[in-house]
Amino acid sequence: MANHSGVTVEVDLRSHENNLAHRTREIDRERLIVRRGQPFSITVQCSESLTKHYLALVLHLGMRDQVVIKVQNERGAGDKWWFSQLGAQGEMLLTLHSPADAPIGQYRLVVLMMSLDGRILEKTKHHKFYLLFNPWCKDDAVYLSDESLLQEYIMNEDGIIYMGTWDYINSMPWNFGQFEDYVMDICFAMLDNSSAALNNSQMDIEHRYDPAYISRMITAMVNSNDDRGVLAGRWEEPYADGVAPYRWTGSVPILRQWSKAGARKVKYGQCWVFAGVACTVLRCLGIPTRLITNFSSAHDVDGNLSIDVLLNEKLESFGGAGRRDSSWNFHCWVESWMRRDDLPKGYDGWQVLDPTPQELSDGVFCCGPCPVKAIKEGNLGVKYDAPFVFAEVNADIIHWVVQRDGQRRQMRVDQNSVGRNISTKSVYGDYREDVTLHYKHPEGSKKEREVYERAGRRVTQPTNGVAEPGQLQLSIKHPKPVFGSDFDVIIEVKNVGGQDTHAQLTMLSKAVTYNSVHRGECQRRTTNITVPAHNAHREVLRLHYDEYVACVSEHHLIKVIAFIQAAGENDPILTMATIPLTMPEVHVQVPGKLVVGEEATAYMSFTNPLPVPLKGGVFTVEGAGLLSATEIRLLGDVAPGQKASVKLSFAPMRTGVRKLLVDFDSDRLRDVKGVATVVVRKIYKINTFM
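Note that the coordinates shown come from a computational prediction; the quantities given were computed from them, not determined experimentally.

Asker: Before we move on, could you go through the sheet that holds strand 36 (residues 643-650) and cite the residues and values that matter?
Answerer: Whether parallel or antiparallel, the strands of a sheet pair through hydrogen bonds between backbone atoms. Strand order in the open sheet formed by 3 strands is 31-33-36, with antiparallel pairing between adjacent strands. The strands lining the two open edges of the sheet, one partner per strand, are strand 31 (587-589) and strand 36. Mean inter-strand twist for the sheet, computed between neighbouring axes without regard to direction, equals 15°. Bridging between strand 31 and strand 33 (residues 600-607) involves 3 bridges; their strand directions are antiparallel. Paired with H587 across the strands is S605, a residue of strand 33.

Put into structure tokens, the structure is as follows:
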């Protein structure tokens, strides 16, 4: 680049070499993307010798150059940018060193040719590069020492989300796709569109060194409740003006749609979708992150560490519309690994971050980061949002019947059902790792009682649907039914006393969503029974597809409630069970060896298990490094028992172990998933010599 002095300076950012060394080559090979606290080198060619001149470097950060950094030409204390230089073969090799706590973002580098008396002889154009967190750097606040953990929590673009109920856990593959084209740019656009950045960009840029600050901003920006966030939440049909939450199989289409629409919210998400998108963004920015599922998760609106479930005398949900306590079959959030320099010692490590909009935190719909260690020890004064997270895994559930005169009658106290089988994908394969003991001491232990006292949770006498010895005991037994089939639920009443007992038994089945919203009653029956002493009585509820299909939600859950009142007894017994209806799978095959850039074909098939035809069938296929989300619509209906088959050709874009994810949806059957694992290899050219 020339000016009036006749001096030219050319810069090569050496993106290929630097990105390989900084483990960012999967993001981009052409643009320079580096991690803080780790040196990177550029080359500079000058038209004149540096014996009469010297080089200076200036960095600009922020869309309006809110931060300008003069790079020192000698080593400092480690908290400043500096560079060293080495001349070789007519060019200068400049090695830049960034502090391990430098703000992340898009930087613009300017190289200056200076005269010995300090005049600028030449100034290059702005050379853009990107700086990310560095969990491989010991001085970075997100440093994680175990390479196998980093390969999973930073580098793995595929994940598994656990769903269902605590006793019937199922899994769904998810494409995080954090290294897909332009995902990194969208992640930085999310930060730039945050309320903090729009209100005070200078302050925001200066705080982007802090993973606690960044991760909190991301939990706010993944939902769109009070800012220009990515996803709008909706927990009941219809979803006609957007995409139903169960149809998503990955984060990338959501992020791209938000970006393409000019930072307008994407419709719709539920907890696992919010968590999946947050995991993508945080991994992309360089913060080790994993997706967590908490089964039997409490949503404590009033902060009293108990979930009050109100039923009327017909055992119907009571309380009307509006915000109230609830217990979800499962709830997803993410954990990110970081050092908490803003807290006293002892709270480093995994931090809970929940992007699902539930409660306000400092006036914003966000949650965390909250140290998992603080939750386990009941230290609820630790920021951020510890009381809410503690309740999610520890709250009591108290069932009340609201009588006609408005009086409440306590029916059941359950202290042990919230926060069960807390799960994440294992580092060592596609199976579940239970992390419940990271959040809670063993049930019934002395340490658990100490934590409850510290947290201010009252200790009440549990009932859990089982009466004292000498009275009746009530339980519900059920199979693992397939959606579309008829099945039986057995309600068993045991009399462990010495006399025959006369009682009235009410049995109710209803469709619910995964977050406990009532969708409709399927069946109800009340009968008078006599239970002989030291014996049991069983009633069978036969649930027919034709009955439950009319009201079942997209989550395919049936809740059965049993209520018994013994003659002459004051205290009735209430128990309940949530039954997940098993979904079929899409079978996915990708035969042959896959090579980058060469056409491959995926074959997908699905058999209709329902007694009715399916209309409007559509397969959605995507995979990180394989292909962007693609729809294949079926022509015509799929009859009962009929097999629908489609094929799709694609050319893999990146090497490595990859997953092809498939979703099938139709008018009567939705959220049917399938996955195939493939290995993509490089093209090997064979040289022949004559």
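Asker: Please give an account of the pairing of strand 30 (residues 573-580) that cites residues and values.
Answerer: Most of strand 30 sits out of view: 8 of its 8 residues are buried. Across the two faces of strand 30 the burial is the same, with I573, T575, A577 and I579 and L574, M576, T578 and P580 all buried. Bridging between strand 29 (residues 557-566) and strand 30 involves 8 bridges; their strand directions are antiparallel. The partner of V560 across the bridge, within strand 30, is A577.

Asker: Residues and numbers for the packing of aromatic side chains, please.
Answerer: On inspection of all chains with the given rule, the structure shows 22 aromatic pairs. Ring geometry for Y107 versus F129: centroids 5.4 Å apart, planes at 15°, classification stacked. Taken together, the positions of Y107 in strand 8 (residues 105-115) and F129 in strand 10 (residues 127-132) put the pair 22 residues apart, joining distant regions of the chain. According to the relative accessible area criterion, Y107 is buried, its value standing at 0%. Ring plane angle 25° and centroid distance 6.3 Å describe the contact between Y130 and F188, whose orientation is recorded as stacked. Of this pair, Y130 sits in strand 10 while F188 is found in helix 3 (residues 183-192), placing the two residues 58 residues apart along the sequence. Like F188, Y130 is buried.

Asker: Before we move on, can you summarise the pairing of strand 10 with the specific residues and values?
Answerer: Counting buried residues along strand 10, 5 of its 6 residues qualify, which places the element largely inside the surrounding structure. With 4 bridges connecting them, strand 2 (residues 32-35) and strand 10 associate as parallel partners. The partner of L32 across the bridge, within strand 10, is F129. With 5 bridges connecting them, strand 8 and strand 10 associate as antiparallel partners. Counted as the bridge partner of L109 is H127 from strand 10.

Asker: For helix 3, give the residues involved together with the corresponding values.
Answerer: Side chains of residues three or four places apart in an α-helix project in the same direction, reflecting 3.6 residues per turn. With 7 of its 10 residues buried, helix 3 lies for the most part within the structure. Along helix 3, the residues that are buried comprise V183, M184, I186, C187, F188, M190 and L191.

Asker: Go over the side chain of E180 with me, naming the residues and quoting the values.
Answerer: Turning to its location among the elements, E180 is positioned in the loop between strand 12 (168-175) and helix 3. For E180, a relative accessible area of 6% puts it in the buried group.

Asker: I'd like a description of the pattern of salt bridges, backed by residues and values.
Answerer: If the charged atoms of two oppositely charged side chains come close together, the side chains can form a pair. Considering all chains together, one arrives at 39 salt bridges under this definition. Where E26 meets R654, a salt bridge forms, and the shortest distance between an N and an O atom there is 2.6 Å. Here R654 lies in the loop between strand 36 and strand 37 (656-665) and E26 lies in the loop between helix 1 (15-21) and strand 2, a separation of 628 residues in the sequence. Residue E26 is classed as partly exposed on the basis of its relative accessible area of 24%. Residue classification places R654 among the buried positions, given a relative accessible area of 14%. Ionic pairing is found between E180 and R654, a salt bridge with its closest N-O pair at 2.5 Å. With E180 in the loop between strand 12 and helix 3 and R654 in the loop between strand 36 and strand 37, this residue pair connects regions lying 474 residues apart in the sequence. For the pair E180 and R654, a shared accessibility class is recorded, and that class is buried.

Asker: Tell me about the sheet that holds strand 23 (residues 432-434), and name the residues and values.
Answerer: Judged by pairing direction, the sheet is antiparallel, and its 6 strands sit side by side in the order 19-18-17-15-22-23 without closing on themselves. Here the strands that pair on one side only, and so sit at the sheet edges, are strand 19 (370-371) and strand 23. The sheet contact formed by strand 15 (residues 289-299) and strand 22 (residues 420-425) spans 2 bridges and is antiparallel. From the neighbouring strand, F295 faces strand 22, where its bridge partner is R420. Across the sheet, helix 8 (residues 271-285) is in contact with strand 15, strand 17 (326-338) and strand 18 (349-353); its angle to strand 17 comes to roughly 5°.

Asker: Go over the environment of P173 with me, naming the residues and quoting the values.
Answerer: Tracing the backbone shows P173 in strand 12. Taking the C-alpha atoms as reference points, P173 and L661, separated by 488 residues in sequence, lie 7.0 Å from one another. Setting aside anything within four residues of it in sequence, one finds P173 in contact with G159, I160, T249, L661 and V675.

Asker: Can you break down the confidence of the model for the chain residue by residue, with the values?
Answerer: Per-residue pLDDT for the chain averages 91, and the proportion of residues at 70 or more is 94%. In the predicted structure, residues 464-470 sits below a pLDDT of 50 and forms 15 contacts with residues beyond four places in sequence or in another chain.

Cut-offs applied
Residues numbered from 1 in each chain as written. Predicted model: local features only at pLDDT ≥ 70, side-chain atom pairs only at ≥ 80, totals over all residues. Heavy atoms only, no water. Pairing = 2+ DSSP bridges. Helix = DSSP H or I, 4+ residues; strand = E, 2+ residues; numbered from the N terminus. Axes fitted to C-alpha atoms, helices over the stretch in contact; angles between N-to-C directions. Buried < 20%, exposed > 50% of the residue type's maximum accessible area, 1.4 Å probe, protein only. Phe/Tyr/Trp six-rings, centres within 6.5 Å; stacked < 30°, edge-to-face > 60°. Salt bridge = Lys/Arg side-chain N within 4 Å of Asp/Glu carboxyl O. Contact = heavy atoms within 4.5 Å. pLDDT = per-residue confidence, 0-100.

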